[in-house]
Amino acid sequence: MEPVESLPLETAEKIILRWDSTASEEAREKMIFEGDREEVDLYLRAVDEIQRSMSTATISDEQSKVNSSIQIAMARLEDEFRNILISNTNPIDTSSSLHHPNTEEDDEQQEPPREHQQQHHASSSSSSSTSLLRFDSSGAASVSSITTSGSSYRSASSIREIDLLPGDAVEDLRCIAERMISCGYLRECIQVYGSVRKSAVDASFRRLGVEKLSIGDVQRLEWEQLEAKIRRWIRAAKVCVRTLFASEKKLCEQIFDGVGTAIDDACFMETVKGPAIQLFNFAEAISISRRSPEKLFKILDLHDALMDLIPDIDLVFDSKSSESIRVQAAEILSRLAEAARGILSEFENAVLREPSKVPVPGGTIHPLTRYVMNYISLISDYKQTLNELIVSKPSTGSRYSGDPSTPDMDFAELEGKTPLAIHLIWIIVILQFNLDGKSKHYKDASLSHLFIMNNVHYIVQKVRGSSELREMIGDDYLKKLTGKFRQAATSYQRATWVRVLYCLRDEGLHVSGGFSSGVSKSALRERFKAFNAMFEEVHRTQAVWLIPDSQLREELRISISEKLIPAYRSFLGRFRSHIESGRHPENYIKYSVEDLEDAVLDFFEGIPVSQHLRRRSE
């Protein structure tokens, strides 16, 4: 290419003055870079000539004239620079940025299917003294629902830069920037660039739903509101870091790289530092907010999302001047990890100290049991993250502490298990410890055992129903739990049926000596009356008791029948004739074997006997 012929200084000055917007209405109404390219090139040549003349002017009048021309030219180029930026700036297409192939899709639409996720809800209504766990009196876990994506955000996602401005506009901006900076107008150039591009970033923020909230604003919001905002923030943060900020950095490099030392970085930080702080302030507010169990899973979602973004943040904000952004992101990640550990520890203490003393009706599953087991099932969904965050044993646990308010646990038995598995087993241990205390509030020992059986069986079923939870808990500890609810079932049967079956013994019914030997009818009548009274009382009370699990309910009925029915059949076979030969046998033999078999089917339905009888008559 042939070198461009320089303009005479006088001609250059005339060109500069012709486009002085302060002196000409035509210059005010028209923009050079929107017109003919020859006019653009001519104006740039004029600026170049004026700049060269600055170093060669020798007479003070000549220097003053050149300086005046430079000031006019720089003011004009600043306007042109601003106009090119504004006229070519549009907010990024957030919908396509959200769903490009290298970025995870909307976590609401792409939530991974989980067989047990619909059951993972816990809730609260009336407050307990722990302020962490709250339950209603109906026995249902009806707290505000804990929702979670349950997925790790660690993926193969990468930065996806887009062209924010057309190539010809970028070239024009670079031409202008070179001249403004070489003439000493660096600060003005950076300010104009930063103000326009920051407005564009703000517009993109609004389209992404990134709100201008202070840390105080965030902490004053209700948790239900924050849950939705966290989901939106996670989606928006990926676009902001991987597309929006990365593309702004690319644009700065296209315009300013090589023009001057670190000018491209200065313009980049002028543009995105405020928005980046605004973006990360939200996550920071969550990381230092008041801790409560329902926040754990969204905090883990935030942690995983930010962990996934850290390499991209380090790449986009890789300069010395942007170090504060990198540091802020790393500190937020650390605080989110600490918050997650703290919530887990506080949750363990809350389970241990949960103070409700009113027995649940019918010995059914306590809302604490439902809440805790649903909660730890959700925890198991985050096992990868939590195993990385948790490095110590539960702070509330100890080996044979001797403290009556804390269960003893030998952690040596759990050697080889992951830190999270140890915490989950500890939570189950303290849950059982709390339930054992609650069982003592039942006045009926049989109901106390049934309560323990129901609740430990529920724990076992929740562990068996989750492959992740079962893998962490392990079959050895699961066998211990199974043994405990079976032992509770045995204790229930002893407490209830030993005294009933005692009425069907032979001892005390036979008389011998003197002129006769045989069966004492009066003793036999009393024995039948005692059996009838005891069975009727057990039937009346235990029909109202409840075993929610149909299989467990049927197993216990079968076990009762296997002991009761043969014993009654044998007793009736041996002594029926003695009663029937006397007066009013129906007052003593009130039940046939079939009657007892039917009556056993009424047990543990949670329905009063009168309703059972009415159902049968229908």
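Computed from a predicted model, the values in this text were never measured in an experiment.

Draft legend 1. Inspection of the overall build of the protein at higher detail. The number of helices and strands found in the protein is 22 helices and two strands. Contacts spanning at least 24 positions in sequence make up 80% of the contacts within the protein whose residues lie at least 6 apart.

Draft legend 2. Structural view of the side chain of T369. Along the chain, T369 turns up in helix α13 (residues 367–381). Given the relative accessible area of 0%, T369 is considered buried. Beyond its immediate chain neighbours, meaning those up to four positions away, T369 contacts L431, L435, N455, Y458 and I459.

Draft legend 3. View of the confidence of the model for the protein. Residues of the protein with pLDDT of at least 70 account for 83%, and the chain-wide mean is 84. Mean pLDDT values over the elements of the protein span from 55, in helix α22 (residues 609–617), up to 97, in helix α16 (residues 445–464). Of the regions scoring below 50 in pLDDT, residues 99–132 engages in 97 contacts with residues more than four places distant in sequence or in other chains.

Draft legend 4. Representation of the environment of G216 in the model. Inspection of the secondary structure assignment puts G216 in helix α8 (residues 215–220). Put simply, G216 and S289 are 73 residues apart on the chain and 9.6 Å apart in space, counted from C-alpha to C-alpha.

Draft legend 5. Quick peek at the packing of aromatic side chains. Using the criterion set out here, one finds 23 aromatic pairs in the structure. Ring plane angle 45° and centroid distance 6.2 Å describe the contact between F205 and F245, whose orientation is recorded as tilted. Taken together, the residues F205 in helix α7 (residues 186–208) and F245 in helix α9 (residues 223–256) connect sequence positions 40 residues apart. Across the pair, exposure class does not vary: F205 and F245 are buried alike. The ring centre of Y502 lies 3.6 Å from the NZ or CZ of R505, which sits over that ring. Its end group placed over the ring of Y588, R525 keeps NZ or CZ at 5.9 Å from the ring centre.

Draft legend 6. Spotlight on helix α6 (residues 167–182). In this model, α6 (16 residues) spans 23 Å end to end at C-alpha, consistent with the 22 Å of a helix rising 1.5 Å per residue. Those residues of α6 that sit buried are A169, V170, D172, L173, C175, I176, A177, R179, M180 and I181. Once α6 finishes, G184 follows within two positions and takes phi at roughly 90°, a positive value.

Draft legend 7. Representation of the state of the cysteines. Under the counting rule described, the total for this entry stands at zero disulfides. In this structure C252 is a free cysteine whose sulfur lies 5.5 Å from that of C267, the closest cysteine sulfur available. A residue is classified by how much of its surface remains accessible, and C252, at 1% relative accessible area, is buried.

Draft legend 8. Inspection of α13 at higher detail. Taking 1.5 Å as the rise per residue, α13 with 15 residues should run 21 Å; its terminal C-alpha atoms sit 22 Å apart, in good agreement. The buried fraction of α13 amounts to 14 of the 15 residues, a majority that puts the element mostly inside the structure.

Draft legend 9. Highlighting the packing of helix α12 (residues 323–353) against α13. Interhelical geometry of α12 versus α13 gives an angle of 160° and a closest axis separation of 12 Å. With respect to their mutual orientation, α12 and α13 come out roughly antiparallel. The way α12 lies across α13 gives a crossing that is left-handed. Counted together, I343, L344, F347 and V351 of α12 and L368, Y371, V372, Y375 and I379 of α13 form the full contact between these two elements. Tallied by class, residues from the contact of α12 with α13 come to nine nonpolar, no polar and no charged.

Draft legend 10. Broad picture of unusual backbone geometry. Residue H584 is not a glycine yet carries a positive backbone phi of 50°. Mapped onto the elements of the fold, H584 is located in the loop between α20 (550–580) and α21 (593–600). Using a relative accessible area of 44% as the deciding quantity, one classes H584 as partly exposed. We note that F604 has phi near 65°; this positive angle belongs to a residue other than glycine. Relative to the assigned elements, F604 resides in the loop between α21 and α22. When its relative accessible area of 0% is taken as the criterion, F604 is described as buried.

Draft legend 11. Just the environment of N281, in detail. The residue N281 is located in helix α10 (residues 263–287) in this model. Linking N281 and Q328, residues 47 residues apart in sequence, is a C-alpha distance of 8.9 Å. For N281, the residues in contact, after removing those within four places along its chain, are I215 and Q328. Only 3.3 Å separates the side chain of N281 from the side chain of Q328, close enough to count as a polar contact.

Draft legend 12. Summary view of the packing of α13 against helix α15 (residues 419–439). Between α13 and α15, the shortest axis-to-axis distance is 11 Å and the interhelical angle comes to 180°. On the basis of their axis angle, the class for α13 and α15 is roughly antiparallel. Contacts between α13 and α15 pair L368, T369, V372, M373, I376 and I379 from the former with L420, L424, I427, I428, L431, N434, L435 and K438 from the latter. In terms of residue class, the contact of α13 with α15 is made up of eleven nonpolar, two polar and one charged.

Draft legend 13. Representation of the pattern of salt bridges in the model. Scanning the model with the defined rule gives 36 salt bridges in all. Notably, a salt bridge pairs R220 with D217, separated by 2.9 Å at the nearest N-O pair. Of this pair, R220 and D217 both sit in helix α8, separated by three residues, roughly a single helical turn. Sharing partners across several salt bridges, the network here consists of R553, E554, R557 and E605.

Cut-offs used in this document
Residues numbered from 1 in each chain as written. Predicted model: local features only at pLDDT ≥ 70, side-chain atom pairs only at ≥ 80, totals over all residues. Heavy atoms only, no water. Helix = DSSP H or I, 4+ residues; strand = E, 2+ residues; numbered from the N terminus. Contact = heavy atoms within 4.5 Å. Buried < 20%, exposed > 50% of the residue type's maximum accessible area, 1.4 Å probe, protein only. pLDDT = per-residue confidence, 0-100. Phe/Tyr/Trp six-rings, centres within 6.5 Å; stacked < 30°, edge-to-face > 60°. Lys NZ or Arg CZ within 6 Å of the ring centre and 35° of its normal. Expected span 1.5 Å × (residues − 1). Disulfide = S-S within 2.5 Å. Axes fitted to C-alpha atoms, helices over the stretch in contact; angles between N-to-C directions. Parallel < 35°, antiparallel > 145°, perpendicular 65-115°, else oblique. Left-handed = near helix turned anticlockwise from the far one by under 90°. Nonpolar A, V, L, I, M, F, W, Y, C, P; charged D, E, K, R; others polar. Polar contact = N/O pair within 3.5 Å; in protein donor to acceptor, adjacent residues only side chain to side chain. Salt bridge = Lys/Arg side-chain N within 4 Å of Asp/Glu carboxyl O.

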